[in-house]
Amino acid sequence: SYHGHEEIKDSFREIFASHPTVNSTFHLKHIVIHDRYAMAVWTAKTPTKIYPQSSDTLLFDRDGKILKQFFNCQVSELEHPW
């Protein structure tokens, strides 16, 4: 669990560092928006990892600012990296 802008920023830097722009894929499988909630279900693959089932759920305030984000990610190392 991450709290505050700096911890959240650091966690995203770590995630993006593991997703090189070459030989990586991202597939948005489903997105639902209802009232002040949004949920995205996605998969991804990098040369060394696979993310077979991941999701982001967001809660917004009335002005559209994100109040909370819930991130779920299943990660597996590839046996034979590309």
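Residues numbered from 1 in each chain as written. Predicted model: local features only at pLDDT ≥ 70, side-chain atom pairs only at ≥ 80, totals over all residues. Heavy atoms only, no water.

(A) Region of interest: the layout of surface pockets. Here the largest pocket defines a volume of roughly 780 Å³. Together, 24 residues line the largest pocket, and Y2, I8, S11, F12 and Q69 are the ones closest to its centre. Mapped by element, the contributors of at least two residues to the lining of the largest pocket are helix 1 (4-17), strand 3 (49-60) and strand 4 (66-77). Per element, the largest residue contribution to the lining of the largest pocket is eight residues, and it comes from strand 4. Tallied by class, residues from the lining of the largest pocket come to twelve nonpolar, eight polar and four charged. In this structure, the second largest pocket occupies an estimated 200 Å³ of space. Considering the residues around the second largest pocket, the lining is formed by F12, I15, F16, H19, S24, T25, F26, W42, A44, D56, Q69 and F71. Taken together, the elements giving at least two residues each to the lining of the second largest pocket come down to helix 1, strand 1 (25-34), strand 2 (37-45) and strand 4. Considering each element in turn, the lining of the second largest pocket owes the most residues, three residues, to helix 1. Considered class by class, the residues forming the lining of the second largest pocket number seven nonpolar, four polar and one charged. (1 Å grid on protein atoms, 1.4 Å probe; cavity = no way out; pocket = protein on both sides within 12 Å on 5 of 7 lines; lining within 4 Å. Points joined across faces, edges and corners; volume = space filled by probe spheres on them. Helix = DSSP H or I, 4+ residues; strand = E, 2+ residues; numbered from the N terminus. Nonpolar A, V, L, I, M, F, W, Y, C, P; charged D, E, K, R; others polar.)

(B) Structural view of the packing of aromatic side chains. If you walk through the whole model with that rule in mind, you get three aromatic pairs. Relative to W42, the ring of F26 has its centre 5.4 Å away and its plane inclined at 35°; by these criteria the two rings are tilted. Within this pair, whereas F26 is found in strand 1, its partner W42 is found in strand 2, the two being separated by 16 residues in sequence. Here W42 and Y51 contribute two aromatic rings whose centre-to-centre distance is 6.3 Å and whose plane-to-plane angle is 35°, an arrangement assigned as tilted. (Phe/Tyr/Trp six-rings, centres within 6.5 Å; stacked < 30°, edge-to-face > 60°.)

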